[in-house]
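What follows is the residue order along each chain.
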Amino acid sequence: MNVLIIGATGGIGAATARAFAAQGAALTLSGRDETRLAALASELGATGRAADVGFESHVRTLLEAAPVLDTLVYAAGAALPEPLRDADPTHVRAVWNANYFGALWAMKHGLGRLAPGGRVYLLGARPELVTARGFSQYAASKAALARAAEVTRLEHRGVGLTLVLPPAVDTGLWTQVGRVPRGALGPDAVARAIVTDRAGEAQAELRIDG
């Protein structure tokens, strides 16, 4: 199985890479942190390709260089919470690039690279968990991703496109907030859920509970 993981240097992305590697998948990994990417690729015997998902050209080049894919996992993400009155344009762009535009470019250029029966997984967010002070851009970008995925399913019937909806997950993203929520899942739990789901029939949503 050929698997591409975008955002592989993050907590969920790295855990998912290890989970697919344990199943014998051939991996292509992508992220912005070239040092961490090289280390992970070396650990797993994977191909590493650095890319900034904020640029469509980077994502297009990444997909064009990848083999025909059985599974594409989009695990890039950013939160950068702040009150709307203090919204920093640089932060807003970073959040939307990671959570929405990168996924949009991945779908645009990746759906045509899927083998028959290929699957795409997008890391979403449960609205009830992100409707909180300071999270206007995070919540909005994840909501936009969910709606884009819904329409994409209509335009690409027969393609398995799954929105992954975990609870809070203990990753480095929470360093932007200040603390990890009590009871947060480990990223390995999300990774196992994705790999297990990949073995079954495609579904629109994969809700992961603690």
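Please refer to the structure higher up on the page.
Residues numbered from 1 in each chain as written. Predicted model: local features only at pLDDT ≥ 70, side-chain atom pairs only at ≥ 80, totals over all residues. Heavy atoms only, no water.

Draft legend 1. Quick look at the overall build of the chain. Across its full length, the chain holds seven helices and seven strands. Written out in order from the N terminus, the α and β elements of the chain read β-α-β-α-β-α-β-α-β-α-α-β-α-β. Computed over its C-alpha atoms, the radius of gyration of the chain comes to 16 Å, within 12% of the 17 Å expected for a compact globule of 210 residues. Principal-axis analysis of the C-alpha atoms gives the chain an extent of 45 × 40 × 35 Å. Within the chain, counting contacts between residues at least 6 apart in sequence, those at least 24 apart form 66% of the total. (Helix = DSSP H or I, 4+ residues; strand = E, 2+ residues; numbered from the N terminus. Rg over C-alpha atoms; globule rule 2.2 N^0.38 Å. Contact = heavy atoms within 4.5 Å.)

Draft legend 2. Quick peek at the pairing of strand E1 (residues 2-6). For E1, a buried count of four out of five residues is recorded, marking the element as mostly surrounded by other parts of the structure. Of the strand pairs in this sheet, E1 and strand E2 (residues 26-31) are connected by five bridges, and their pairing is parallel. For Val3, the partnering residue across the bridge sits in E2 and is Leu27. Handedness of the β-α-β unit built from E1, helix H1 (residues 11-22) and E2 comes out right-handed. (Buried < 20%, exposed > 50% of the residue type's maximum accessible area, 1.4 Å probe, protein only. Pairing = 2+ DSSP bridges. Right-handed = clockwise from strand over helix to strand, strands pointing away.)

Draft legend 3. The nonpolar core, seen in detail. Of all hydrophobic cores here, the largest spans 31 residues; its most connected members are Ile5, Phe20, Leu27, Leu29, Val164, Val190 and Ile194. Elements with a contribution of two residues or more to this core: E1, H1, E2, helix H2 (34-44), strand E5 (114-123) and helix H7 (187-198). Ranked by size, the runner-up nonpolar core spans 29 residues in total, among them Leu63, Ala106, Ala149 and Leu163. (Core = buried A, V, L, I, M, F, W, Y, C linked by side-chain atoms within 4.5 Å.)

Draft legend 4. How the structure looks around the sheet that holds strand E7 (residues 205-207). Read across the sheet, seven strands follow the order E3-E2-E1-E4-E5-E6-E7 without closing on themselves; strand pairing throughout is parallel. Two strands in the sheet have a free side with no partner beyond their single neighbour: strand E3 (47-50) and E7. Taken over all neighbouring pairs, the strand axes of this sheet differ in orientation by 20° on average, direction set aside. One ladder, built from four bridges, connects E1 with strand E4 (residues 69-74); its direction is parallel. Bridge pairing in E4 places Val3 opposite Thr71. Each of E1, E4, E5 and strand E6 (160-165) is contacted by helix H4 (residues 89-110), which is oriented at about 165° to E4, the strand it contacts most. (Axes fitted to C-alpha atoms, helices over the stretch in contact; angles between N-to-C directions.)

Draft legend 5. View of the packing of aromatic side chains. For the structure on display, the rule yields four aromatic pairs. Seen from their ring centres, Phe135 and Tyr138 are 5.9 Å apart, and the 85° between their planes marks the pair as edge-to-face. With respect to burial, Phe135 and Tyr138 carry one shared label: buried. Through a chain of ring-to-ring contacts, three or more aromatic side chains come together here, namely Trp96, Tyr100, Phe101 and Trp105. (Phe/Tyr/Trp six-rings, centres within 6.5 Å; stacked < 30°, edge-to-face > 60°.)

Draft legend 6. Quick peek at helix H6 (residues 136-155). Between its terminal C-alpha atoms H6 stretches 29 Å, which fits the 28 Å expected from 20 residues at 1.5 Å a residue. Those residues of H6 that fall on the buried side of the exposure criterion are Tyr138, Ser141, Lys142, Leu145, Ala146, Ala148, Ala149 and Thr152. In an axial view of H6, the angular spread of the buried residues amounts to 170°, which keeps them on one side of the axis. Considering only its buried residues, H6 is in contact with H4, E5, helix H5 (127-130) and E6. (Expected span 1.5 Å × (residues − 1). Arc of directions from axis to C-beta.)

Draft legend 7. Molecular detail of the environment of Ala15. Tracing the chain through its elements places Ala15 in helix H1. It is 25 Å that separates the C-alpha atoms of Ala15 and Glu64, two residues lying 49 residues apart in sequence. What Ala15 contacts, discounting residues up to four positions off in sequence, is Pro187, Asp188 and Ala191.

Draft legend 8. View of H1. Over its twelve residues, H1 extends 17 Å from the first C-alpha to the last, a length consistent with the 16 Å expected when each residue adds 1.5 Å. Residues of H1 that are buried: Ile12, Gly13, Ala14, Ala15, Thr16, Ala17, Ala19 and Phe20. Contacts made by the buried residues of H1 are with E1, E2, H2, E4, E5 and H7.

Draft legend 9. Just the packing of helix H3 (residues 56-65) against H4, in detail. Remark: H3 packs on H4, axes separated minimally by 9 Å, with the N-to-C direction vectors making an angle of 40°. Taken together, the axis directions place H3 and H4 in an arrangement best described as oblique. Of the two elements, H3 crosses H4, and the hand of that crossing is right-handed. Residues Glu56, Val59, Arg60 and Leu63 of H3 touch H4, and the partners they reach there are Trp105, Ala106, Lys108, His109 and Gly110. Here the contact of H3 with H4 is built from residues that sort into four nonpolar, two polar and three charged. (Parallel < 35°, antiparallel > 145°, perpendicular 65-115°, else oblique. Left-handed = near helix turned anticlockwise from the far one by under 90°. Nonpolar A, V, L, I, M, F, W, Y, C, P; charged D, E, K, R; others polar.)

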